[in-house]
Structure formats: structure tokens, C-alpha cells
Amino acid sequence: MSKPTKTFNLADIFSTVAELHPQRPAFICGEQRLTFAELDQRSTRLASALRAQGLRRGDNVGIELHNSAAYLESYFACCKIGAVPANVNYRYVADELRQLFNSLQLRGLIYGGEFAAEVAKVAPQVDSLRWLVQVGAGAGPAQALDYDSLLAGGSAELSDPERSDEDLTLLCTGGTTGLPKGVMWPHKNLFMGALGGGGMYFRRGPVQSLEELAALVAQAPEARYFALAPMMHGAAMWASLISLFAAQTVVVNDQQHFDPEHVWQLAQDQQVNILSGVGDAMALPLVQALERHPGRWNLQRVMVYGNGGAPLSSHVVARIQAALPQVMVNNGLGSSEAGFMGGGDKPTDGEGLLVLAPRPDLALIDAAHRMVTSPGGRGILSRTGFTPVGYYGDPVKSAQTFVTIDGRLWVLTGDEARVDEQGRFVLLGRGSQCINTGGEKVFPEEVEEAVRRYAAVQDVLVVGLADERWGQRITAVVELVPGADFQAAELDRICREHLAGYKTPRSVFVAEKVVRSPAGKADYRWAKDFATQAANNAESLN
């Protein structure tokens with residue numbers, strides 16, 4: 001019997017790499033270590049076991065796990081039988097899980113034993129849920145299957161002639177600006193649009209076939225990539241897949257919290273070459289650890305620090321390069337809905353966060369769904385080509401984000417940008433978070449970068465509060481460096497050195513801790529609630 005033709009299904013891509021480098025380490029998490037062959041074989045056994053339990057093509061399967069081998073095994077197992085893997089935020093409590101599981105119509109859930117109590121509360125309230133698989137000990141639902149037993153009973157052989165480029169994965173948004181939604185990515189679109197099409201680490205564009213990818217991977221040198229964010233975060237999972245598909249070893253944090261000193265110890269011990277994080281919230285503590293302990297770690301093998309998912313301030317980049325002169329910093333732009341859109345530098349001719357060179361698959365689109373091309377013009381940065389196809393089960397939101405113009409599907413990222421004199425796109429910030437103060441538009445990310453220049457500030461989120469005179473008042477919620485002497489006048493002076501006066505925070509409130517997602521992404525809903533309560537308390541004292 002001939003083997004099925006391989007496609008750009010993620011399972012086929014991984015198997016192609018595993019066949020070329022079977023004994024090369026693929027995954028390291030603490031004491032857990034898997035070669036490419038072991039990861040491929042274990043995911044095959046799990047896939048066959050899940051199929052035997054009745055899981056079918058198109059069934060949505062949630063993965064609610066901390067960093068672990070089981071995370072990747074579960075992900076690839078779903079891909080191998082056409083089930084649809086969906087990342088689940090392990091911080092969610094029962095009410096949040098209920099909303100997510102029902103909105104995704106989950107048929108299966110693979111979860112860690114530490115989350116068993118919350119799963120037990122929710123499972124009876126999700127009518128679509130048929131299979132529960134528990135990883136590790138925990139008092140979970142009686143009907144839950146044991147992960148290790150399931151995997152041990154799976155077959156080493158698996159044939160899936162229906163495997164397709166068009167099989168889906170679901171990437172769940174973080175829910176920090178609204179209810180989380182499942183972004184539907186066909187496998188080939190994800191590989192090409194979010195994972196670089198196999199060419200990223202080979203300094204070339206996307207491949208046209210798996211044979212072309214195999215020729216590149218066969219010559220791929222060994223390298224080690226360290227995903228700093230949890231694997232359940234899209235940016236970390238995507239970056240991990242990019243590395244795996246380039247035959248690199250993926251290292252993940254074996255701790256459930258972010259400890260910068262532990263990160264650098266792992267980078268030294270595992271001889272890491274590439275790290276990637278999410279914005280200043282990760283990069284700043286890392287560089288502070290290096291500055292506190294110069295020479296403590298041997299990090300000469302670290303060559304690249306990548307960033308995505310949140311802005312990375314230029315002064316933080318400078319501090320990274322001062323501490324690690326050999327390191328190249330890559331600042332990339334991407335989103336759950338648009339994939340990876342490339343990298344760029346800070347603009348030198350005015351406001352903005354990042355400059356992107358013009359490309360056929362990128363455009364600025366205004367509120368009337370017209371293309372913006374004139375220098376100085378503004379619109380929403382949008383992408384066409386290899387994109388998702390919508391939000392699962394949400395046609396209303398899909399119609400707002402995924403629009404057809406002249407017969408082509410465009411994804412509106414929500415990020416506002418302008419066209420500069422060279423025709424490039426200058427990213428300004430998230431349009432939904434834009435603050436209108438006295439008729440002027442202010443993007444929080446630009447203000448946050450200026451506020452972080454004050455050495456007493458560890459972290460900050462900027463929001464707009466209602467103001468009788470200005471419409472909205474620029475308001476900063478700051479977390480201080482432990483023991484720092486904070487002076488509001490000094491913060492104001494520093495901000496005015498880097499910002500127009502109308503962008504400078506008019507109110508500053510100190511929080512014990514700025515709340516972010518496990519991956520470091522901003523939670524502006526929390527920041528606005530905190531600032532509103534702090535402002536109300538301040539008024540009541542006057």
C-alpha cells in the first residue's frame with residue numbers, strides 16, 4: 001500500500017523533519033527530553049489512541065497544559081488525524097472556561113491534573129464535550145482518561161489519507177480587550193503566513209514544496225531556541241514550530257512563573273542560541289538581571305534575541321546590546337489574526353513604533369474599506385494572502401475583521417499605521433486602545449515607552465479616563481522598581497523630553513503589580529478599571 005501524498009499539514013511537515021534528523025534533540029523542558037523521532041512516534045501513538053476513542057476529523061480539542069512534552073505531543077496528535085487543536089489559557093477559572101469551551105464547541109480536552117478541579121466544574125455544562133484526557137495527578141472528572149495509559153495503548157502506525165493543507169488549527173486570542181475568540185487557521189496558511197513558510201532560518205522566502213523544505217532541512221545546523229513565553233501563547237507556539245521545522249531544538253521554561261535569573265541559567269546550561277520574548281515586560285527584567293550580575297552567566301552562544309506580540313522599546317534594546325554585545329535584536333510584528341508580518345526598525349522621522357517595507361500582501365485600509373496610499377495617509381494595517389478564514393462560530397466578529405475588497409480577502413489587524421514619504425508603513429499602535437484627548441489621537445504604546453525611560457518605573461500601562469475638558473485624560477498605571485524613589489515631577493520631565501505635551505500623562509497611579517497575561521501582553525481592561533477606581537478614591541479624599 002503506497003503512502004499518502006504529503007501535504008503542508010503541520011503533521012506532515014514535522015514528520016519530514018523527523019525523518020531527516022531522528023536523533024537530534026527536539027524538545028527540552030527541565031528533565032523532559034525528546035528527540036525528533038521520539039516526539040513524532042509519541043504523537044502518532046496518541047493520535048491513534050484518540051481516534052480509537054472516537055475523535056474525528058474536524059473535532060475541536062482544547063489543550064490546557066503548562067509547558068511540557070505533552071503539549072507538543074497533543075498538538076501534533078490532533079494534526080495527524082485532522083482534529084483541531086486549540087490553546088486554552090490555563091489561568092482561566094470555571095466561568096471563563098465555560099464561555100470558551102462552549103464558544104469553540106469543544107469535543108475533547110487534554111488538561112493538566114493541576115486544573116482538574118476547574119475542569120470538573122465546567123465539563124457537565126459543555127454539551128459538546130465528549131472526551132477528557134488528564135495529564136498527571138489530580139481529582140478530576142470520573143470519566144477522564146489517563147494520558148500516559150492512553151499513549152501507551154496507542155498504535156505505532158497511523159495512516160490518514162485525508163490529511164490536508166486545509167485542515168484547521170484554532171488560535172485563541174488572549175481576551176484582554178474582549179471575550180477570547182478562536183482564530184481559524186488552515187495548516188498551509190499558518191505555515192506560510194505565520195511560520196515563514198520554512199525559509200526564515202535559511203535566509204530565504206517560503207518553500208514551494210515539502211521536497212524543497214527537506215533539501216534545506218537536511219543541511220540545517222544544530223541550534224537551540226528558547227521560548228520565553230508559555231507555549232499556550234500563540235507567539236511562543238509559532239516561534240517553537242518555526243524552530244522545529246528548521247530542525248532546531250526547542251527549550252522552554254520549566255517553571256510556571258517568569259524568573260529572569262532562572263531564564264539566564266537555562267540559557268547557559270542548555271547552550272541556547274536564540275531567545276524570544278514578548279515586549280518590555282519580559283526584556284526589561286532580563287536585562288536588569290544581567291546588569292545586577294555582570295559576568296554571572298556564560299551567554300556567548302546567545303546570538304539572537306527576538307521580540308513579538310508587544311512593543312520593545314529602543315532604550316531597552318540598547319541595554320540588551322550593551323549587556324550582550326554579540327546579540328542581534330529582531331523586533332517583529334505579528335498578531336493572532338494576521339500571522340507574522342515581518343520586522344523593522346523604529347521610525348526616525350516622527351511618531352511610530354515600527355517601520356515595515358511595502359509588500360504586495362500588506363496595505364492600509366480606511367474605515368470605508370478603501371486603500372490608503374498617499375504619504376501621510378492613515379488606515380488600519382491589513383494583510384491578504386495566507387491568512388486565517390475567520391473566527392470560529394462568530395460570523396459577526398468575522399465580518400468586522402475579515403473583509404473582501406475587489407475579490408480578495410483582507411484581514412484588518414486593528415493596528416493603525418501611516419504611509420511615510422518612501423511608501424513604507426509606520427505602525428502607530430492599536431486603534432482600539434487609541435486615546436482621544438482634546439481632539440488629538442494618542443497611542444498608549446508610545447506613551448508607555450517614554451514612561452519606561454524613568455528608572456523608577458518597572459512596568460506601565462496607559463489608558464484614557466473620561467475628562468470633562470479634554471474628553472479623555474492620559475492616565476498611566478505604573479509598577480515601581482522595588483525600593484525606588486518615585487517622583488511624579490521627574491516622570492513628567494522625562495516624558496516631556498520624548499513626547500509632545502498633550503501626550504504626557506496627566507494622572508499617574510501606582511499599582512503594586514501591573515497585570516499582564518502569562519506571556520506579558522497588556523491587560524488594558526484591568527488597567528482602566530484600576531485607574532478608574534484610583535481616580536474615584538482620589539476625588540473622594542479631596
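Details of the structure are given in the entry above.
Chemist: Residue-level account of the pattern of salt bridges, with values.
Modeler: Per the counting criterion, the structure on display carries 26 salt bridges. We note a salt bridge from R370 to D366, for which the minimum N-O separation is 3.0 Å. Classification of R370 as exposed rests on a relative accessible area of 54%. As a salt-bridge pair, R493 and E490 come within 2.6 Å of each other at their nearest N and O atoms. Of the two residues, R493 and E490 are both situated in helix α15 (residues 488-498); the distance of three residues between them amounts to about one turn of the helix. Through salt bridges with shared partners, one network takes in R51, R57, D160 and D167.

Chemist: Give a description of helix α4 (residues 94-104) that names residues and reports values.
Modeler: Because each turn of an α-helix spans 3.6 residues, side chains separated by three or four positions end up pointing in the same direction. Buried within α4 are the following residues: A94, L97, L100, F101 and L104. Summarising the axial view, the buried residues of α4 lie within an arc of 130°, below the 170-degree limit, and thus occupy one face. Looking at the buried side of α4, the elements it contacts are β3 (60-64), β4 (84-87), β5 (108-112), α5 (116-122), β8 (168-172) and β9 (182-186). Following α4 by one or two positions, Q105 has its phi on the positive side, about 50°.

Chemist: Could you give an account of the pairing of strand β20 (residues 402-405), naming the residues involved and the relevant values?
Modeler: Regular strands show a simple pattern: their side chains alternate between the two faces of the sheet. In this structure, β20 lies alongside strand β21 (residues 408-419), joined through four bridges in antiparallel fashion. When the bridges of β21 are listed, T404 appears paired with L409. The hairpin turn running from β20 into β21, its antiparallel successor, is two residues long, and D406 in that turn takes a positive phi close to 50°.

Chemist: Any chance you could break down the packing of aromatic side chains for me, citing the residues and the numbers?
Modeler: Applying the stated criterion across every chain yields a total of ten aromatic pairs. An angle of 65° between the planes, with centres 6.0 Å apart, marks the rings of F191 and F245 as edge-to-face. In this pair, F191 sits in helix α7 (residues 187-193) while F245 sits in the loop between α9 (234-244) and β11 (249-252), placing the two residues 54 residues apart along the sequence. Like F245, F191 is buried. Considering the side-chain rings of Y454 and F486, the 5.8 Å spacing of their centres and the 40° angle between planes classify their relative orientation as tilted. A residue pair is termed long-range when its members are at least 10 positions apart, and Y454 in the loop between α14 (444-451) and β25 (457-467) and F486 in the loop between β26 (471-480) and α15 qualify at 32 residues.

Chemist: Account for the sheet that holds β11, naming residues and giving values.
Modeler: Strands sit in the order β2-β1-β11-β10-β12-β13-β14-β15 across an open sheet of eight strands; the sheet is mixed. Since the sheet does not close on itself, it has two edges, and those belong to β2 (32-35) and β15 (339-343), each with one partner. In this sheet, neighbouring strand axes are inclined to one another by 20° on average, regardless of whether the strands run parallel or antiparallel. Across four bridges, strand β13 (residues 304-307) lies against strand β14 (residues 328-335) in parallel orientation. Note that in β14 the partner of Y305 across the bridge is V329.

Chemist: Residues and numbers for unusual backbone geometry, please.
Modeler: Its identity as a non-glycine residue notwithstanding, A247 has a phi of 65°, on the positive side. Mapped onto the elements of the fold, A247 is located in the loop between α9 and β11.

Chemist: Mind laying out the nonpolar core, listing which residues take part and the relevant values?
Modeler: Of all hydrophobic cores here, the largest spans 107 residues; its most connected members are L10, F191, L195, W264 and Y305. The greatest single-element share of this core, amounting to nine residues, is contributed by helix α3 (residues 69-80). Among residues more than four places away in sequence, those in contact with L10 are Y75, F76, C79, T169, H187, L190, F191, L195, L241 and F245. Counting 22 residues, the second-largest nonpolar core is a separate cluster that includes V84, V88, Y92 and V119.

Chemist: How would you summarise the packing of helix α11 (residues 279-292) against helix α12 (residues 314-323) if you had to cite specific residues and measurements?
Modeler: A pair of packed helices is captured by two measures, namely the crossing angle of their axes and the spacing between those axes. Close contact between α11 and α12 brings their axes to 10 Å; oriented N to C, the two are set at 35°. Considering the relative orientation of α11 and α12, their crossing is left-handed. Of the residues in α12, those in contact with D280, A283, L284, V287, Q288, L290 and E291 of α11 are V316, R319, I320 and A323. Looking at the contact of α11 with α12, its residues break down into seven nonpolar, one polar and three charged.

The rules behind these values
Residues numbered from 1 in each chain as written. Predicted model: local features only at pLDDT ≥ 70, side-chain atom pairs only at ≥ 80, totals over all residues. Heavy atoms only, no water. Salt bridge = Lys/Arg side-chain N within 4 Å of Asp/Glu carboxyl O. Buried < 20%, exposed > 50% of the residue type's maximum accessible area, 1.4 Å probe, protein only. Helix = DSSP H or I, 4+ residues; strand = E, 2+ residues; numbered from the N terminus. Arc of directions from axis to C-beta. Contact = heavy atoms within 4.5 Å. Pairing = 2+ DSSP bridges. Phe/Tyr/Trp six-rings, centres within 6.5 Å; stacked < 30°, edge-to-face > 60°. Axes fitted to C-alpha atoms, helices over the stretch in contact; angles between N-to-C directions. Core = buried A, V, L, I, M, F, W, Y, C linked by side-chain atoms within 4.5 Å. Left-handed = near helix turned anticlockwise from the far one by under 90°. Nonpolar A, V, L, I, M, F, W, Y, C, P; charged D, E, K, R; others polar.

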